[in-house]
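# Architecture and fold: a report
Residue strings, one per chain:
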Amino acid sequence: MSRSQKMLLRVQSPEGTARVEVLDSDVTAHLFERIYEALNLNSFAFTLHKDRQRKEEITSSKSRQLRDCGLCHGDMIYLNPVNGAVLFEQSSTSSETHRKPLSESSRPVQSSEPGPSTSKVTLPIPPPPPGAPEEDEVDLQLYKVSGLIERQRDEKLCRHNLNGKCVHCTPLEPWDEEYLKEHNIKHMSFHSYLRKITSKNFVSLEELSCKIKPGCREHPAWPRGICSKCQPGAVTLMRQPYRHTDNVLFEHANLVERFLSYWRATGHQRLAWLYGQYESHPDVPLGIRARVAAIYEPPQSSSRDCIALETDPREELVQQIAQRLGLRRVGWIFTDLVPLDVSKGTVKHIRGVDTHFLSAQECITAGHYQNLHPSACRHAASGYFGSKFVTVCVSGDSSEQVHLEGYQVSGQCGALVRDRVLLPTRDAPDLAYVRDSSEHQYVPDVYYKERDEYGNEVGVSAKRLPVAYLLVDVPCGVAVGGPPTFGATATFPPANRPLQQHLQTLQALHRHIAASDSFLEAMSDLHVLLYLASNEALALGMESLAPLLDAVRLRDGDAAEAWRALPSAATLLHLAAADTGAEGVRAEGGRAVWTCAVCTFHNPPAAASCDMCAMPRSDAL
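Residues numbered from 1 in each chain as written. Predicted model: local features only at pLDDT ≥ 70, side-chain atom pairs only at ≥ 80, totals over all residues. Heavy atoms only, no water.

So, on to the overall build of the protein. Helix and strand counts for the protein come out as 14 helices and 29 strands. Pairs at least 24 residues apart make up 65% of the contacts formed inside the protein by residues separated by at least 6 positions. Surface summary for the protein: the accessible area is close to 32700 Å², and the carbon and sulfur share equals 50%. (Helix = DSSP H or I, 4+ residues; strand = E, 2+ residues; numbered from the N terminus. Contact = heavy atoms within 4.5 Å. Areas by Shrake-Rupley, 256 points an atom, 1.4 Å probe, with all protein chains shown as cover.)

See the structure below:
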């Protein structure tokens, strides 16, 4: 019998590399136990392989010795979790502080083993564990749908009867590349991506982290020390094959026209939030569509070239009203319009393949907003994965007409933005800059792949990163037919517009109600409801507005008329009517007084300058 010899084996796992010392006469089951203790794992739900391709597996046995497996001193073995089991303690550095870990990740996914003739794998969707973040209603609906793409019997190729199936008419999987290419679908939906990875009995969704893992006691803290256990790995940027939102649909064209009226009046750019719902998209297998019902413009200062957001004191109030109406913030929209010919209504074409689609600053902003609106996912260790939040840019197209383009940034971009790795560049809007490591922050190497002069795919350092690697296209459109959530003929001025003709006043409220077909139609506007809750004359609380909000959500005209007769509502509407009637009293000689744009003082019609601040009269505002 040969003498036992000590061996030092290296174990490579998703968390780094470790070393274990064993005897070549030990059985393989003892190796599993030594690795379990050395790496401080949560369970034995892992496999060991001699190669990275997982072809030569080392099975756990109490009779087979390590020398029989061909292992030698210094060999590397590879550890892989089984069915997405989480073997290591989860840290909270790669997720937002409000995210909660799920207990589901520590359990293997139950699956059915396919037979030799099985063409597809059907996996039961595990229920979310207790305490998990609540998933969106559209996600819960799509979990229940098979997602298979049905095909009709081909009269030329199919040789079976009407009840049979063959390779020419059997249903396709929702991620089928030929089907997506044939129907001009550039990215598969996120739920199709989930079905694709679960078809191989492996579910493990973890967001990228570029931060040093805390708690390492083997060396001083950065910048004095770092090791392979706590050091984040290098990042290779890849084009994301899926998207969380597959389409943006505006309920009617007046939404965008009302938003663009500020730019048409001033020439200044504008930014706004999109409020609506997420729903299933019938044209994309297992797709999700963001349906936009309202656009809200927060306080901001803008010019021809830039936009700066200001603190919004009514942000929480807007969120409460939207939530009561069954709406949520689904994205943001901004303009980048430069007029070309005012008489023809054309604009300059400044975004495209030759220039850029989104600038680096816009990509970073989009990533920041997506991080603020994460999407709950039961398959993610942190409970959240990616975001459905969309970005819509209004710019000129190749035909010099106003055009909408929707985007999302990839999950890798969101992680780089969250960990403060990306910076915008000053000279090239299509390039982002990767921050250098400093004594305050360690930044891993970032690469992207491109083809060299010989046609080979090579890795390139991403110090100056083309933001095209970070973008995911999201088509935009306008709904045709169907009742909108809010009226399409609203005339009430939007909030937070510093223009004389766009101010929200009691007179504007009265004129808006008088011009509407019904009181319910007049109240079916987010800006009207916000004004009722925040006006200076008689602000109505959420308790007073609750019956009206329910009437608008349910499209109940009788309930709206009943709310109109309530004392608080009747008082406010009477004040609006009285203020409109007093407007004619302030006129002299048949002509109305004019209001100073600087100090808002009412001046006689013949005055050329303000009697209060001496500023010249300006009728442009």
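On we go.
Core analysis: the largest hydrophobic core is formed by 73 residues, its most contacted members being Ile-321, Leu-422, Met-523, Leu-532 and Leu-548. It is helix α11 (residues 526–534) that contributes the most residues to this core, 7 residues altogether. Taken domain by domain, the makeup of this core includes at least three residues from each of domain 2 (242–427 + 470–478) and domain 3 (500–582). What Met-523 contacts, discounting residues up to four positions off in sequence, is Ile-513, Val-528, Leu-529, Leu-532, Leu-548 and Val-552. Within the second largest apolar cluster, 26 residues are counted, among which are Ala-272, Val-390, Val-392 and Leu-404. (Core = buried A, V, L, I, M, F, W, Y, C linked by side-chain atoms within 4.5 Å. Buried < 20%, exposed > 50% of the residue type's maximum accessible area, 1.4 Å probe, protein only. Domains from an automatic or database assignment.)

What follows concerns unusual backbone geometry. Of the consecutive residues Trp-222 and Pro-223, the connecting peptide bond is found in the cis state with omega at 15°. Looking at where Pro-223 falls in the secondary structure, it is placed in the loop between α4 (190–198) and β7 (235–237). Phi at Asn-40 is positive, roughly 55°, even though this residue is not glycine. Position of Asn-40 relative to the elements: it lies in the loop between α1 (28–38) and β3 (46–49).

Taking strand neighbours across the sheet as the criterion, the 3 strands line up as β19-β20-β23 in an open arrangement whose pairing is antiparallel. Looking at the sheet topology across the chains shown, the edges are occupied by β19 (422–424) and β23 (464–466). Neighbour-to-neighbour, the strand axes of the sheet open up by a mean angle of 45°, direction not taken into account. Looking at chain direction, β19 and strand β20 (residues 431–434) are connected through 3 bridges and run antiparallel. Pairing of Leu-422 across the sheet is with Val-434, part of β20. Helix α7 (residues 360–372) rests against β19 and β20 of the sheet, and its axis sits at about 135° to β19. (Pairing = 2+ DSSP bridges. Axes fitted to C-alpha atoms, helices over the stretch in contact; angles between N-to-C directions.)

It is worth spelling out the side chain of Gln-300 at this point. The residue Gln-300 is located in strand β12 (residues 300–302) in this model. Polar contacts involving the side chain of Gln-300 include one to the main-chain carbonyl oxygen of Leu-271, which spans 2.7 Å. A distance of 2.9 Å separates a polar atom in the side chain of Gln-300 from the backbone oxygen of Pro-298. (Polar contact = N/O pair within 3.5 Å; in protein donor to acceptor, adjacent residues only side chain to side chain.)

Here we come to the packing of aromatic side chains. Aromatic rings considered in pairs are described by the distance between their centres and by the relative angle of their planes. Per the stated rule, a full pass over the model turns up 13 aromatic pairs. Arranged with centres 4.4 Å apart and planes meeting at 25°, the rings of Tyr-193 and Tyr-242 form a pair that is stacked. Residue Tyr-193 is located in helix α4, and its partner Tyr-242 is located in strand β8 (residues 242–243); the two are separated by 49 residues in the primary sequence. A relative accessible area of 7% means that Tyr-242 is categorised as buried. (Phe/Tyr/Trp six-rings, centres within 6.5 Å; stacked < 30°, edge-to-face > 60°.)

As a further point, take the environment of Gln-320. Structurally, Gln-320 can be placed in helix α6 (residues 315–324). Residues Gln-320 and Met-542, 222 residues apart in the sequence, show an inter-C-alpha distance of 8.2 Å.

For the rest of this paragraph, the subject is the pattern of salt bridges. Side chains bearing opposite charge may pair, as long as their charged atoms lie close to each other. In this structure the tally under the stated criterion is 31 salt bridges. Notably, a salt bridge pairs Glu-37 with Arg-34, separated by 3.9 Å at the nearest N-O pair. Highlighted residues: Glu-37 and Arg-34, both in helix α1, separated by 3 residues, approximately one helical turn. A relative accessible area of 56% means that Glu-37 is categorised as exposed. Overall, the relative accessible area of 23% leaves Arg-34 in the partly exposed class. Its salt-bridge partner being Asp-419, residue Arg-418 comes within 3.3 Å of it at the nearest N-O pair. Given the relative accessible area of 15%, Arg-418 is considered buried. Residue classification places Asp-419 among the buried residues on the basis of a relative accessible area of 2%. Here the salt bridges share partners, and the residues they tie into one network are Asp-136, Asp-139, Arg-328 and Lys-388. (Salt bridge = Lys/Arg side-chain N within 4 Å of Asp/Glu carboxyl O.)

Here we take up the state of the cysteines. Under the defined criterion, the tally for this structure stands at 0 disulfides. No disulfide involves Cys-166; its sulfur sits 3.6 Å from the nearest other cysteine sulfur, which is in Cys-158. Unpaired in this structure, Cys-393 has its nearest cysteine sulfur neighbour in Cys-476, at a distance of 9.8 Å. For Cys-393, a relative accessible area of 2% gives the class buried. (Disulfide = S-S within 2.5 Å.)

Further remarks concern α6. Among the residues making up α6, those that are buried are Leu-317, Val-318, Ile-321 and Ala-322. Down the axis of α6, the sector holding all buried residues measures 130°, keeping them to one side. Those residues of α6 that are exposed and aimed more than 90 degrees away from the buried face are Glu-316 and Gln-323. Where α6 ends, the next residue or the one after it, Gly-326, has phi of about 80°, a positive value. (Arc of directions from axis to C-beta.)

With that settled, the discussion passes to the sheet that holds strand β22 (residues 457–461). Taken in spatial order, the 3 strands of this open sheet run β7-β21-β22, and their pairing is mixed. Every other strand in the sheet has two partners, leaving β7 and β22 as the edge strands with one partner each. Pairs of neighbouring strands in the sheet enclose a mean axial angle of 40°, with direction left out of account. Judged from the 3 bridges that link them, β7 and strand β21 (residues 446–451) form a sheet pairing that is parallel. Note that in β21 the partner of Leu-237 across the bridge is Tyr-448.

Let us now look at the packing of helix α12 (residues 542–554) against helix α13 (residues 557–564). Close contact between α12 and α13 brings their axes to 8 Å; oriented N to C, the two are set at 160°. Relative to α13, the element α12 is oriented roughly antiparallel. Of the two possible hands of crossing, α12 and α13 adopt the one that is left-handed. In contact with Ser-544, Leu-545, Pro-547, Leu-548 and Ala-551 of α12, α13 contributes Ala-559, Ala-560 and Trp-563. Taken together, the residues of the contact of α12 with α13 break down into 7 nonpolar, 1 polar and no charged. (Parallel < 35°, antiparallel > 145°, perpendicular 65-115°, else oblique. Left-handed = near helix turned anticlockwise from the far one by under 90°. Nonpolar A, V, L, I, M, F, W, Y, C, P; charged D, E, K, R; others polar.)

This part is about the packing of α6 against α12. Taken N-terminus to C-terminus, the directions of α6 and α12 make an angle of 40°; their axes are 9 Å apart at the nearest point. Our classification of the angle between α6 and α12 gives oblique. Between α6 and α12 lies a crossing of right-handed hand. Residue-level inspection shows Leu-317, Gln-320, Ile-321 and Arg-324 of α6 in contact with α12, the latter providing Met-542, Ala-546, Leu-549, Asp-550 and Arg-553. A class-by-class count of the residues in the contact of α6 with α12 yields 5 nonpolar, 1 polar and 3 charged.

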